[in-house]
Amino acid sequence: MSGSLWLKPPTTETPLPAIPRPRRERAPGRAPGPAAATTAPGPGTQTAPSPAAAPAAANGAPPHPAGGPPRPAGGELADDPLDELAERLGGLVAVAVHPDEIAAVLESDGMTDDHIRLTYGRADSFELAEDLYARVERRHPAPEAPPGGAWHTGLAGCLLRGLVFALPGLAYVLAAPLLAGEQGRFGLPGGTVPLLAGAVTGWVWNQALAHRAYTWLGLGDRPAAARALLLGAPAGALAGTVVALAAAAPGETPAALFAAGQSVYLAAATVLLVLGRERALLCALAPLAGAVPAFRWDLPDLLRAGLLLTALTASVAFAGFVLRPGARRGAAGRGGPPRAASLPYGLFGLGSGLLVLHAGIGDTLVSGAGAVIALTLSMGPAEWLLHRFRGESLTRLRTLSTAREFRRAVTGTLVLCLGGYLGVLVTLTVAVTLAWPGAPWPTPPRLVTLLLIGTVLWLGLLLQAFGAVLSAAAVCLLAAAVQTLEPAAGPVAAGGAAAVLAVLTCVLLVRPTAHRV
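Residues numbered from 1 in each chain as written. Predicted model: local features only at pLDDT ≥ 70, side-chain atom pairs only at ≥ 80, totals over all residues. Heavy atoms only, no water.

Participant: If you had to explain the overall build of the protein to someone new, which residues and values would you point to?
Facilitator: Check the secondary structure of the protein and you find 21 helices and zero strands. Burial statistics for the protein: of 517 residues in total, 37% are counted as buried. Put simply, the protein shows about 28400 Å² of open surface, and 65% of that area lies on carbon and sulfur atoms. (Helix = DSSP H or I, 4+ residues; strand = E, 2+ residues; numbered from the N terminus. Buried < 20%, exposed > 50% of the residue type's maximum accessible area, 1.4 Å probe, protein only. Areas by Shrake-Rupley, 256 points an atom, 1.4 Å probe, with all protein chains shown as cover.)

Below you can see the structure in the form of structure tokens.
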């Protein structure tokens, strides 16, 4: 031990002769006792020392009992030394939850039982700790608020992500004349099948790749995350290209080439979004703003192709720039998360992507595209509301004291966040309808189906954020399979999936243990 923290060196060489008694207040109106009368002489009077003190005074020793401290002037009793100790250790005693904590502090300070008996009149450190615990009022500090971080993301950043999610849709506006052809398969326009096949492949692969890279980032190894993206992004682009070319029919070669470029863009965008370079991706997509005049005027094919290639080239260049740390030696990290852990996230990307595609198959191509644009733009506010729900839940976890109060508060927060997202989705649908020339108003059944799909997506993302990704992926895949096999049962499938996810959310996320960090 390095020494005592609070003990002071004794002021006298001899210990107390007896246990000190607490000072008592004199009763009102009570006359002073003989001791007080004899020890309070008037001016000019002299008091003879007592016989017991006379020999000591004659030898020059102080007039007090042998081996004892000097008697206080005026005959008053000495202060209880426990008061001074309670004041000195008040901060530690006030936050203790049991007297044994105080006893441990006293013993670690070097207080022995002999010292405690002689100085404080208690048998041992445990009895002294109990007296201190009873004497000092409890003042437990309030839990500290969690530092700003992943669950305190600002709205501006989430809106920016929603914008970069939706801007690639302008590429389809620019490429529409280039992809025009004969009627395609399954009653869809020509070239639609290879485009959808490449897009779904990219969604599945990049969702799993993003999870693996985010896992590395969570471990604090950014170079390893960049290394995973450096290896996985080109592989995803190649997989999407191969699937699109394999799904292309004769006469759909332009669509297959566009799908190949789409796969390359999805890989580059995944890199930039995972590494937090949304602004760089926005700058890369700026040339696609040239599609706005294409809504009313016909643009030359050369200009359309130039804008598309410029945006694609800029995206790849920015992605390659931010992946430089992953090219260094030793960036792969040690061990790492298992690759199989990312598979459920890819399956969730498959199910949610198919649901969005079904939402885009409307009565007309314009109405379907408007629904997809609204869903895509809503992903930014959806992400912010997910952060909002997590932050509010952590606040309730700190401030509420019973599990019942926590369940009620979290359920209310869940309803508010989900309702807010659906309100944003309706607003965006109306805005897209007003901005798109000649777009028809969505019918009530179509609007209800869109809101059900939005509910499935938001609740699925919420469960995924809390680790229940297998349940969310299974429900989304089942609903997408039903819609694919029986398109007329789309509203029923979306409604059933929304109900199941709502029940799972209420069962899993109202428990306080689900929100521990």
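Participant: So what's going on with the nonpolar core? Which residues, and what values?
Facilitator: In terms of nonpolar packing, the biggest core is built from 45 residues, with L174, L229, V271, L281, L285, L288 and L308 touching the most fellow members. Secondary structure elements with two or more residues in this core: α8 (155-166), α9 (169-179), α10 (192-218), α11 (222-247), α12 (253-274) and α14 (301-322). Counting residues per element, this core draws most heavily on α12, which supplies 11 residues. The contact partners of L308, leaving out residues within four places of it in the chain, are A171, L174, A175, F258 and L288. Counting 43 residues, the second largest nonpolar core, distinct from the first, contains Y345, L414, L418 and A497. (Core = buried A, V, L, I, M, F, W, Y, C linked by side-chain atoms within 4.5 Å. Contact = heavy atoms within 4.5 Å.)

Participant: I'd like a rundown of the side chain of T449, residues and numbers included.
Facilitator: Tracing the sequence through the fold places T449 in helix α19 (residues 444-465). At 2.9 Å, the side chain of T449 and the backbone oxygen of P445 are in polar contact. (Polar contact = N/O pair within 3.5 Å; in protein donor to acceptor, adjacent residues only side chain to side chain.)

Participant: Before we move on, could you go through helix α15 (residues 343-359) and cite the residues and values that matter?
Facilitator: The end-to-end C-alpha separation of α15 is 25 Å, in line with the 24 Å expected for 17 residues at 1.5 Å each. Of all the 17 residues making up α15, 12 are buried; the element is thus mostly covered by neighbouring parts of the structure. Of the residues making up α15, those classed as buried are P344, Y345, G346, F348, G349, G351, S352, G353, L355, V356, H358 and A359. (Expected span 1.5 Å × (residues − 1).)

Participant: Can you lay out the packing of α19 against helix α21 (residues 490-508) for me, pointing to particular residues and giving the numbers?
Facilitator: Two elements in contact, α19 and α21, have axes whose closest approach is 9 Å; the angle formed by their N-to-C orientations is 30°. Crossing of α19 over α21 shows left-handed handedness. In this structure, α19 contributes T449, L452, I453, T455, V456, L459, G460, L462 and L463 to the contact, and α21 contributes P491, A494, G495, A497, A498, L501, A502, L504, T505 and L508. (Axes fitted to C-alpha atoms, helices over the stretch in contact; angles between N-to-C directions. Left-handed = near helix turned anticlockwise from the far one by under 90°.)

Participant: Break down α10 for me, with residues and values.
Facilitator: For α10, built from 27 residues, the straight-helix expectation of 39 Å at 1.5 Å per residue is met to within 8% by its first-to-last C-alpha distance of 38 Å. Two residues or fewer after α10 comes G220, characterised by a positive phi angle close to 80°.

Participant: Describe the confidence of the model for the protein, with residues and values.
Facilitator: Residues at a pLDDT of 70 or more form 75% of the protein, whose mean pLDDT is 77. This stretch, residues 10-17, has a pLDDT under 50; its non-local contacts, to residues over four places away or in other chains, come to eight contacts. A low-confidence stretch, residues 25-69 stays under pLDDT 50, and its non-local contacts, those more than four residues away or across chains, total 15 contacts. (pLDDT = per-residue confidence, 0-100.)

Participant: Before we move on, could you go through the environment of H98 and cite the residues and values that matter?
Facilitator: The topology assignment puts H98 in the loop between α4 (90-94) and α5 (99-108). On the basis of relative accessibility, which here comes to 40%, the residue H98 falls in the partly exposed class. Taking the C-alpha atoms as reference points, H98 and Y133, separated by 35 residues in sequence, lie 7.7 Å from one another. Looking at H98, its side chain comes within polar contact range of the main-chain nitrogen of D100, at 3.0 Å.

Participant: Quick one: what's the story with a negative patch on the surface, residue by residue and with numbers?
Facilitator: A cluster of acidic residues, D100, E101, E127 and E130, forms a negative patch at the surface. Residue assignment for the negative patch shows that the elements contributing at least two residues are α5 and α7 (125-135). Within the secondary structure, E130 sits in helix α7. Given a relative accessible area of 48%, E130 falls into the partly exposed group. (Patch = residues over 30% accessible without salt bridge, like charges linked within 9 Å, V, L, I, M, F, W, Y side chains within 5 Å. Salt bridge = Lys/Arg side-chain N within 4 Å of Asp/Glu carboxyl O. Lys, Arg positive; Asp, Glu negative; His and termini not counted. Charge placed at Lys NZ, Arg CZ, Asp CG, Glu CD.)

Participant: Can you tell me about the pattern of salt bridges, naming the residues and giving the values?
Facilitator: For the structure shown, the criterion picks out six salt bridges. A salt bridge links R88 to E84; its shortest N-O distance comes to 2.8 Å. Taken as a pair, R88 and E84 lie in helix α3 (residues 81-88) at a separation of four residues, close to a single helical turn. R88 sits in the partly exposed class, given a relative accessible area of 25%.

Participant: Got a sec to walk through the packing of aromatic side chains? Specific residues and values, please.
Facilitator: All chains considered together, the criterion is met by one aromatic pair. When the ring of F389 is compared with that of F466, the centres are 6.2 Å apart and the planes differ by 75°; the resulting orientation is edge-to-face. Remark: F466 occurs in the loop between α19 and α20 (469-485) and F389 occurs in helix α17 (residues 379-399); sequence separation between them is 77 residues. F466 sits in the buried class, given a relative accessible area of 19%. Over the ring of Y133 we find R138, and its NZ or CZ is 3.9 Å from the ring centre. (Phe/Tyr/Trp six-rings, centres within 6.5 Å; stacked < 30°, edge-to-face > 60°. Lys NZ or Arg CZ within 6 Å of the ring centre and 35° of its normal.)

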